[in-house]
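Each chain is listed here by its residues.
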Amino acid sequence: MIHISKNLSSPPKDLMDSKWNKIKADASVNPKHKADSKCYRGTVIDELEKLYNFKCAVCERSIGIDLEVDHYRPIKPRTCSDPNDKHSGYGWLTYEWSNLMPLCSNCNRYKSNHFPIFNVIARITNFSHPVAYDFHKLQTTEEPYLINPEFEEFPEKHFRYLRDGTVSGRTDSGRITIEIYKLNSRSKLRDRKRIIESILRDISEAFYSYITSKNKFDLENTLYSILKKSLLNAYPKEPLSLFNLFILKYFDKFIIERLPESTRNITKKMYEEFLKEI
Ligand SMILES: [Zn+2]
């Protein structure tokens, strides 16, 4: 997850369209209101795709047609024994720009209507509450555990990636976010492992060519290109950018230690030289 800067004072045209006023009014007062997807279909989905670079807001995987508009504060109630997670739904936020984010179907399915908060006694339960529509005040009042990339300036501080590609939490929010969205589910972990495997494969191929060519200049150039590609993959618009950044930052742990001993020194030297340049 990486920070996303959304302009809350300028919602997409469709959310402001007066033709949906009746639907919006119903969402605020009717606990059985069902989100009407026709209000999202046009400019809302377009804006979310652009803002999030066609990625899931949480796991950062690419989402094309798989994009689902999620309500950060769930609109349906959650009945469970956990007092932190039990709530009566936030129906009045069904069509609020601040409450909408794009998720992949996998994250969306696991999240369901979970919304644990720290400040349980301050849970907002009604649209008439003074802060009911104020995203920042809602956040600071309720103190949700699920990290919101639009509110949290540095979401990365809550997470750390381990050598095998699993993600672990550095904070309670990080741990709960990982648990609820199942950020270590098989498919998510598989996608992270593939990145590591792809870099290892590229480096192995470079050394394989070197065995026959004995051309050290070519080898160094290829290693440099591999590192450059890793850097480009860590740009915020790229899928899994945070994980790619971690790999580049801890290249020793993720990549070099896994290489055959005979190839480590030269790879490490190229990595160190590359770091000086960027
Ligand atoms: Zn996802």
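Residues numbered from 1 in each chain as written. Predicted model: local features only at pLDDT ≥ 70, side-chain atom pairs only at ≥ 80, totals over all residues.

Peer 1: How do you make sense of the packing of helix H7 (residues 186–213) against helix H8 (residues 216–233) when you look at a structure like this?
Peer 2: Helix packing geometry: the angle between the two helix axes and the distance between the axes. At their nearest, the axes of H7 and H8 sit 9 Å apart, and the two run at 170° to each other. Our classification of the angle between H7 and H8 gives roughly antiparallel. Residues Ile-199, Asp-202, Ile-203, Ala-206, Tyr-210 and Ser-213 of H7 form the contact with H8, whose participating residues are Asp-218, Leu-219, Thr-222, Leu-223, Ile-226 and Ser-230. (Axes fitted to C-alpha atoms, helices over the stretch in contact; angles between N-to-C directions. Helix = DSSP H or I, 4+ residues; strand = E, 2+ residues; numbered from the N terminus. Parallel < 35°, antiparallel > 145°, perpendicular 65-115°, else oblique. Contact = placed C-beta atoms within 7 Å.)

Peer 1: I tried to follow the pairing of strand S2 (residues 100–103) on my own but got confused; where do I start?
Peer 2: Looking along a regular strand, one sees the side chains alternate between the two faces of the sheet. Here S2 shows no split at all, with Leu-100 and Pro-102 on one side and Met-101 and Leu-103 on the other all buried. Pairing analysis gives four bridges linking strand S1 (residues 68–71) to S2, with the strands arranged antiparallel. What sits directly across from Val-69, in S2, is Pro-102. (Buried ≥ 20, exposed ≤ 12 C-beta atoms within 10 Å, placed from the backbone. Pairing = 2+ DSSP bridges.)

Peer 1: Before we go on, may I ask you to explain the domain arrangement of the chain in this structure?
Peer 2: Much of the literature gives interface size as the accessible area that the parts lose upon coming together. If you check the domain split of the chain, you get domain 1 (13–181) and domain 2 (186–277). Inter-centroid distance (C-alpha atoms) of domain 1 to domain 2 is 35 Å. Taken together, the 12 residues of domain 1 in the interface contact 16 residues of domain 2. Residues of the side of domain 1 that touches domain 2, tallied by class, amount to two nonpolar, five polar and five charged. (Domains from an automatic or database assignment. Nonpolar A, V, L, I, M, F, W, Y, C, P; charged D, E, K, R; others polar.)

Peer 1: Sorry if this is basic, but what is going on with helix H5 (residues 135–142) here?
Peer 2: Residues separated by three or four positions in an α-helix point in the same direction, a consequence of the helix having 3.6 residues per turn. Within H5 the residues assigned to the buried category are Phe-135, Leu-138 and Glu-142. Burial along H5 is one-sided: seen end-on, the buried residues are contained in an arc of 60°. Positive phi appears at Glu-143, one or two residues downstream of H5, with a value of about 55°. (Arc of directions from axis to C-beta.)

Peer 1: Any chance you could explain the nonpolar core here in plain terms?
Peer 2: In globular proteins that are soluble, nonpolar side chains generally tend to be buried together. The biggest cluster of nonpolar side chains holds 30 residues, and the ones touching the most others in it are Cys-56, Val-58, Cys-59, Leu-103 and Cys-107. Those elements giving two or more residues to this core turn out to be helix H3 (43–51) and S2. Looking at this core element by element, the count peaks at three residues for S2. Once residues lying within four places of it in the same chain are set aside, the contact partners of Leu-103 are Cys-56, Ala-57, Val-58, Glu-68, Asp-70 and Asn-108. In this structure, Ile-203, Ala-206, Leu-240 and Met-270 belong to the second largest nonpolar core, which totals 17 residues. (Core = buried A, V, L, I, M, F, W, Y, C linked by C-beta atoms within 7 Å.)

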